[in-house]
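In case you want the letters, here they are:
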Amino acid sequence: MLEPPNDEYFMREALRQAQKAYAADEVPVGAVVVRAGKIIARSHNQVELLKDATAHAEMLALTQAEAAVGDWRLIDCDLYVTKEPCTMCAGALVLTRIRRVIFGCTDPVAGSAGSVINLLQMPDFNHRCDIASGVLQDECATILQDFFRRRRDE
């Protein structure tokens with residue numbers, strides 16, 4: 001009997017998206033949105049490709065998910081992302097009312113899900129997201145470290 005998909009399964013899908021970003025010379029972050037146990041959106045960073053500072057994996061995946069659901073409210077959806085969301089993405093996650101945010105590695109410089117600030121659970125906001133961190137942390141951190149090591153060497 002097959003096991004139902006779990007957090008690691010969906011994070012591996014987000015890592016596949018991060019690999020696409022890496023291959024396109026984008027910062028390797030990938031994201032997927034899951035609803036009722038199925039992926040309804042997937043994306044990776046496309047800042048350089050689109051010449052758009054807002055084209056983070058999370059933002060692009062949210063837009064796809066909104067289209068798939070037919071609403072801007074994503075109350076029964078979960079977002080898996082390989083790196084802790086930044087302030088922009090955390091704000092969008094709260095605004096779309098994502099139920100749960102699961103991320104791989106922390107971002108000690110700009111992380112807004114607990115590392116620098118926790119926008120996802122601000123008590124004065126009208127929505128708070130559940131958070132799970134550290135899912136496939138080593139794999140998620142390694143792809144970023146490799147990318148930036150390669151960049152420094154160039």
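The structure this text deals with has already been given above.
Described below are features of the structure shown in this document. Each residue is numbered by its place in its chain's sequence as written, counting from 1. Two thresholds apply to this predicted model, a pLDDT of at least 70 for residue-level local features and 80 or more for giving and counting side-chain atom pairs, whereas whole-chain, interface and lining totals are computed over all residues. Water and hydrogen atoms play no part in the side-chain values, which are based on all heavy atoms of the structure.

### Some points on the overall build of the protein chain
Only runs of H or I of at least four residues qualify as helices and only runs of E of at least two qualify as strands under DSSP, and these elements are numbered from the N terminus. Looking only at helices and strands, the protein chain has five helices and five strands in total. Listed N to C, the secondary structure of the protein chain is α-β-β-α-α-β-α-β-β-α in terms of helices and strands. The size measure is the radius of gyration over C-alpha atoms, and the globule rule it meets is 2.2 Å times the number of residues to the 0.38 power. Taken against the 2.2 N^0.38 rule, which gives 15 Å for 154 residues, the C-alpha radius of gyration of the protein chain at 15 Å falls within 12% of a compact globule. Counting only C-alpha atoms and orienting by the principal axes, one finds that the protein chain spans roughly 45 × 45 × 30 Å. Only protein chains enter the accessibility calculation, which uses a 1.4 Å probe; a residue is then buried when its area is under 20% of its type maximum, exposed when over 50%, and partly exposed in between. In the protein chain, which comprises 154 residues, the share counted as buried stands at 43%. Surface accessibility in these figures is a Shrake-Rupley result with a 1.4 Å probe; residues are shielded only by whichever protein chains are displayed. When the accessible surface of the protein chain is split by element, carbon and sulfur atoms take 53% of a total near 8100 Å². Positive charges come from Lys and Arg alone, negative charges from Asp and Glu alone, with His and the N- and C-terminal ends not counted. Where a charge lies is defined by one atom per residue type: Lys uses NZ, Arg uses CZ, Asp uses CG and Glu uses CD. Within the protein chain, one finds 17 positive and 22 negative side-chain charges whose respective centroids are separated by 3 Å.

### A few points about the packing of aromatic side chains
Any two of the Phe, Tyr and Trp rings considered here, Trp counted by its six-membered ring, make a pair once their centres fall within 6.5 Å; the pair's planes then place it as stacked at under 30 degrees, edge-to-face at over 60, or tilted in between. All told, the structure shown has four aromatic pairs when counted by the stated rule. Relative to Phe147, the ring of Tyr22 has its centre 5.8 Å away and its plane inclined at 70°; by these criteria the two rings are edge-to-face. Residue Tyr22 is found in helix H1 (residues 7-23), and its partner Phe147 is found in helix H5 (residues 137-153); the two are separated by 125 residues along the sequence. When its relative accessible area of 21% is taken as the criterion, Tyr22 is described as partly exposed. Between Phe147 and Phe148, the ring centres sit 5.1 Å apart and the planes meet at 85°, which makes this aromatic pair edge-to-face.

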